[in-house]
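Listed below are the residues making up each chain.
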Amino acid sequence: MEIAIVKYNAGNVASVMYALDRIGVPYTWTDDESVLRQADKIIFPGVGEASTAMAHLKEKGLDLLIPQLKQPVLATCIGMQLLCKHSEENDTTCMGVFDVEVKRFQSHELKIPHVGWNSIQASQDNPLMEGLKKEEFVYFVHSFYVPVNPLTTAVCDYVQPFSAMLHQDNFYAAQFHAEISGMAGQRIIENFLAL
Amino acid sequence: MLTKRIIPCLDIKDGRTVKGTNFVDLRDAGDPVELGALYAQEGADELVFLDITATVDDRKTLVNLVREVARHVNIPFTVGGGISSIQDVSALLNAGADKVSINSSAVRNPDLIDELALQFGSQCIIVAIDTRWVDGTDWVHTHGGRKITDIQTIPWAKEVENRGAGEILLTSMDADGTKAGFANALTSTISSNSSIPIIASGGAGSMEHFYEVFTEGKADAGLAASIFHFKEIGILDLKNYLASKGIPMRI
């Protein structure tokens, strides 16, 4: 199986690579169109700011390529937000795979960003949660969120319920960092690789 | 519900864990990778590795160590000690650290916080503040708490947040080593005045102390070293105790 990690300016790629090392699968870190098109699975990771990340993807034409991909794609954190239609983070137009808006958390009582381990409730038919409990703890770091919508496959509650996971066709996404979310996170990645 | 975090801290010298450890089930108690992985398995929410040597040669050892930890640990971990430049941070993040912690270098050059936050994102920049009560006020200290500065702790905490720190690791030098409890009043003041998470450190001696720092102290995370290394408190026992008292925990 060929696994490709999308190469762009997002941080935390090392953590994703080491997570795949722990699982024991080889991977390529690339922005090459033909390698990405031919890979069996794509991981689109990310930590960063939406407008900068989109500008970098555009520079390489990845903003047009990624939505056309046909194999299973797993997007995490800012990767998930970039697959949405638009983000309130610096009023950024994103790739639009998921027809939903990314909003900024607003709260006077709770700290923003949302940092730490929070529980998610998965929907019944979420294949990435196979073998896991209906409620699992995973690690979040984010100030922007995707509201609960028809594509939501797991819900987390902070300020209000929001989308912890999304799914549409071959695109799977997680707001949390599966790569550092303990055994639950590892199982989610393994489930994605087994799709 | 967002949980409170329990964070063991490992002091590293020449690539080895220092301070005695009391883990009979460890093959090598001085191996930070093995100890870190064991803590993760026992339910630690994050790990902090603090390099207490930090000479040029040791930096290379540290980067190699970070790489090994990242290969074996599946929870977030932070590296601190002697970090003073974008290059230092870049090397540690590329080796697999999730966050870095800066302390004296931020006091010396506060602009470093802004530069690091811009370059790498606030989420991976922790500013550590060592504080001590002197003549009726809390003052920032450097050099492991030995050297007083002319900066007051409470305004400094706000300043590092405004400059882009993602979290604050607050160590009370008055409480540190006493095992008499965290500095709850100061922690609470800073946490209430802050929109970023506060990791409280210094003074943990019992499970009740963690309960107090999460309630009275309003801390988002509690960090300790020796009580975990010497197995005076087991991480899972601590988390079960806190959960039974109504503190949200990942168990």
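Predicted model only: the values in this text are computed from it and were never measured. (Residues numbered from 1 in each chain as written. Chains lettered and ligands numbered in written order. Predicted model: local features only at pLDDT ≥ 70, side-chain atom pairs only at ≥ 80, totals over all residues. Heavy atoms only, no water.)

## A closer look at the overall build of chain A
A count of helical and extended segments in chain A gives six helices and 13 strands. With respect to the principal axes defined by its C-alpha atoms, chain A has extents near 45 × 40 × 30 Å. Counting every position in chain A, which comprises 195 residues, the buried fraction comes to 61%. Taking all contacts inside chain A whose residues are at least 6 apart in sequence as the whole, residues at least 24 apart take part in 68%. (Helix = DSSP H or I, 4+ residues; strand = E, 2+ residues; numbered from the N terminus. Buried < 20%, exposed > 50% of the residue type's maximum accessible area, 1.4 Å probe, protein only. Contact = heavy atoms within 4.5 Å.)

## Structural notes on the pairing of strand E8 (residues 114-122) of chain A
All names here are of chain A. Buried residues dominate E8, accounting for eight of its nine residues. Relative to strand E9 (residues 135-142), E8 runs antiparallel, the two being bridged by eight bridges. Bridge pairing links Val115 to Val141 in E9. Across three bridges, E8 lies against strand E11 (residues 152-158) in antiparallel orientation. Looking across to E11, one finds that Gln121 is bridged to Val155. (Pairing = 2+ DSSP bridges.)

## Comments concerning the nonpolar core
Membership of the largest hydrophobic core comes to 73 residues, with the highest contact counts inside it found for Phe210(B) and Phe228(B). When residues of this core are assigned to their parent elements, the largest contribution, six residues, is made by helix H2 (residues 56-72) of chain B. (Core = buried A, V, L, I, M, F, W, Y, C linked by side-chain atoms within 4.5 Å.)

## Topic: the packing of aromatic side chains
Overall, the coordinates contain twelve aromatic pairs over all chains when judged by the stated rule. Relative to Phe192(A), the ring of Tyr172(A) has its centre 6.3 Å away and its plane inclined at 70°; by these criteria the two rings are edge-to-face. Of the two residues, Tyr172(A) sits in strand E13 (residues 171-174) while Phe192(A) sits in helix H6 (residues 182-193), which places them 20 residues apart along the sequence. Among the residues examined, Tyr172(A) registers a relative accessible area of 11% and is labelled buried. Considering the side-chain rings of Phe210(B) and Phe228(B), the 6.0 Å spacing of their centres and the 35° angle between planes classify their relative orientation as tilted. Of this pair, Phe210(B) sits in helix H8 (residues 207-215) while Phe228(B) sits in helix H9 (residues 226-229), placing them 18 residues apart in sequence. Every member of this aromatic cluster is reached through a ring pair, and the members are Phe105(A), Phe140(A), Tyr145(A), Tyr158(A), Phe162(A) and Phe176(A). Against the face of Trp29(A) rests Lys7(A), its NZ or CZ located 4.7 Å from the ring centre. (Phe/Tyr/Trp six-rings, centres within 6.5 Å; stacked < 30°, edge-to-face > 60°. Lys NZ or Arg CZ within 6 Å of the ring centre and 35° of its normal.)

## Remarks on the sheet that holds E11(A)
All names here are of chain A. The strand order across the open sheet formed by nine strands is E2-E1-E3-E4-E13-E12-E11-E8-E9, and the pairing between neighbours is mixed. One side of each edge strand has no neighbouring strand; the edge strands of this open sheet are strand E2 (28-30) and E9. With strand direction ignored, the average angle separating the axes of adjacent strands in the sheet is 30°. Where helix H1 (residues 13-23) meets the sheet, its contacts fall on strand E1 (3-6), E2 and strand E3 (41-44), and the angle it forms with E1 comes to roughly 165°. (Axes fitted to C-alpha atoms, helices over the stretch in contact; angles between N-to-C directions.)

## What about the pattern of salt bridges?
Residues and elements named next belong to chain B. Tallying each qualifying case throughout the model produces 18 salt bridges over all chains. Across the pair Asp111 and Arg163 runs a salt bridge whose closest N-O atoms are separated by 3.0 Å. Here Arg163 lies in helix H6 (residues 153-163) and Asp111 lies in helix H5 (residues 111-120), a separation of 52 residues in the sequence. Judged by its relative accessible area of 40%, Asp111 falls in the partly exposed class. If you follow the salt bridges from partner to partner, you end up with Arg5, Glu46, Lys99 and Glu167 in one network. (Salt bridge = Lys/Arg side-chain N within 4 Å of Asp/Glu carboxyl O.)

## As for the pairing of strand E7 (residues 137-142) of chain B
Residues and elements named next belong to chain B. Sheet topology places strand E6 (residues 125-134) next to E7; five bridges connect them, and they run antiparallel. Pairing of Val134 across the sheet is with Thr137, part of E7. Linking E6 back to E7 in an antiparallel pair, the connection comprises two residues, with Asp135 at a positive phi of about 50°. Judged from the three bridges that link them, E7 and strand E8 (residues 147-152) form a sheet pairing that is antiparallel.

Note that all results are geometric; they support no functional claim without further evidence.
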